[in-house]
Amino acid sequence: RSMNESLDKQPKNTLERGEELRRRILVVDNEEGVKNMLVAALEAFGYDVVTANNGKELLEKVRSSGEKKFTAVITDNNMPEMNGIDALEELREKNPDFDELLIIFMSGLFNDELKSRAERLKNVRCLKKPFGIFDLKKIIEEMIEKSSS
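Per-chain numbering applies: the sequence of each chain, read as written, is numbered from 1 onward. Totals for whole chains, interfaces and linings use all residues, but because this is a predicted model, local features are given only for residues with pLDDT of at least 70 and pairs of side-chain atoms are given and counted only at 80 or more. To obtain the side-chain values, all non-hydrogen atoms of the structure were used and water was disregarded.

Examining the layout of surface pockets
Put simply, the largest pocket is a space of about 230 Å³. The wall of the largest pocket is formed by twelve residues, among which Phe70, Thr71, Glu100, Leu101 and Leu102 lie closest to the centre. Just so you know the grouping, Ala, Val, Leu, Ile, Met, Phe, Trp, Tyr, Cys and Pro go in nonpolar, Asp, Glu, Lys and Arg go in charged, and all remaining residues, Gly too, go in polar. Of the residues assigned to the lining of the largest pocket, the class counts are five nonpolar, three polar and four charged. Taken as a whole, the second largest pocket encloses approximately 190 Å³ of empty space. Put simply, the grid is 1 Å and covers the protein atoms alone, a cavity is a trapped set of points that fit a 1.4 Å probe, a pocket is an open set with protein on both sides within 12 Å along at least five of seven lines, and lining residues have an atom within 4 Å of a point. Taken together, Glu100, Leu102, Asn123, Val124, Arg125, Glu142, Met143, Lys146 and Ser147 make up the lining of the second largest pocket. Grid points are joined across faces, edges and corners, and a volume is the space filled by probe spheres set on the points.

Details of helix H3 (residues 32-44)
Every α-helix carries 3.6 residues per turn, so stepping three or four residues along brings you back to the same face. Numbering goes from the N terminus for both helices and strands, where a helix is a DSSP run of H or I of at least four residues and a strand is a run of E of at least two. Here a helix's expected span is defined as the number of its residues, less one, multiplied by 1.5 Å. A rise of 1.5 Å per residue sets the reference length of H3, with its 13 residues, at 18 Å; its end C-alpha atoms lie 18 Å apart and thus fit the reference within 8%. A simple rule labels every residue: compare its accessible area, found with a 1.4 Å probe on the protein chains alone, to the largest value its type can have, and call it buried under 20%, exposed over 50%, or partly exposed in between. Looking only at H3, the buried set comprises Val34, Lys35, Leu38, Val39, Ala41 and Leu42. Looking one or two residues beyond H3, the residue adopting positive phi is Gly46, at roughly 100°.

Thoughts on the sheet that holds strand S2 (residues 48-52)
Here, any two strands with at least 2 DSSP bridges between them count as paired. Here five strands make up an open sheet; going across it, the order is S2-S1-S3-S4-S5 and the pairing parallel. The open sheet has two free edges, formed respectively by S2 and strand S5 (124-128), since each of these has just one partner strand. On average, adjacent strands in this sheet sit at an angle of 20° to one another, irrespective of strand direction. Sheet topology places strand S3 (residues 72-76) next to strand S4 (residues 102-107); five bridges connect them, and they run parallel. Within S4, the position partnered with Ile74 by the bridge is Ile104. The axes used here are C-alpha line fits, helices contributing only the stretch in contact, and every angle between their N-to-C directions lies in the interval 0 to 180 degrees.

Thoughts on the packing of aromatic side chains
Any pair of aromatic rings gets described here by the distance separating the centres and the angle formed by the planes. To pair, rings of Phe, Tyr and Trp, with the six-membered ring standing in for Trp, must have centres within 6.5 Å; the planes then decide the type, stacked if under 30 degrees apart, edge-to-face if over 60, and tilted in the middle. Scanning the entire structure with this criterion turns up two aromatic pairs. We call a charge positioned above a ring when the Lys NZ or Arg CZ atom is no farther than 6 Å from the ring centre and deviates by at most 35 degrees from the ring normal. Lying across the ring of Phe110, Lys115 places its NZ or CZ 5.9 Å from the centre. Sitting over the ring of Phe45, Lys137 keeps its end group 5.2 Å from the ring centre.

Here's the deal with the packing of H3 against helix H7 (residues 133-147)
Running from N to C, H3 and H7 point in directions that differ by 60°, and their axes come no closer than 11 Å. In terms of orientation, H3 lies oblique with respect to H7. With respect to the hand of their crossing, H3 and H7 are arranged in right-handed fashion. Packed against H3, whose contacting residues are Met37, Leu38, Ala41 and Leu42, the element H7 presents Ile133, Leu136 and Ile140 at the interface. Looking at the contact of H3 with H7, its residues break down into seven nonpolar, no polar and no charged. Oblique is the label for any angle not under 35 degrees, not over 145, and not in the 65 to 115 range, which are roughly parallel, roughly antiparallel and roughly perpendicular in turn. Handedness of a crossing is defined here by the sense of rotation of the near helix relative to the far one, left-handed for an anticlockwise turn of less than a right angle and right-handed for a clockwise turn. Here, two residues are considered to be in contact whenever any of their heavy atoms come within 4.5 Å of each other.

Here it is as structure tokens:
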């Protein structure tokens, strides 16, 4: 058997790994019911899901993700210790290597100030609670498609 034949039979790891990395999502919410519903739905859609309870944990998990970087973060705003918008602003300001991270910022209370703070950040979409799970799926797919083009 020639060397080339052996190489041809090897799995194409780069593409498979890329697909795997593309599908990792961090869900951040202090309300267990919301978090569990999002996890169940996202896992059913084929995503690998990790959770956090507040903005402080969001920063820790994103910064320590290493090679298994997240494709997207879906975060609430109103949480104890550190809210969502403060965490996202800190992440974008202090960690430019995470600029490509897609962010879906959800809140039941979007005032003008909150919306304008969120929209100043790169790769962010705002989603008002309550929302349909298929609306969320569509937004994630659109953001992934746009980021990979």
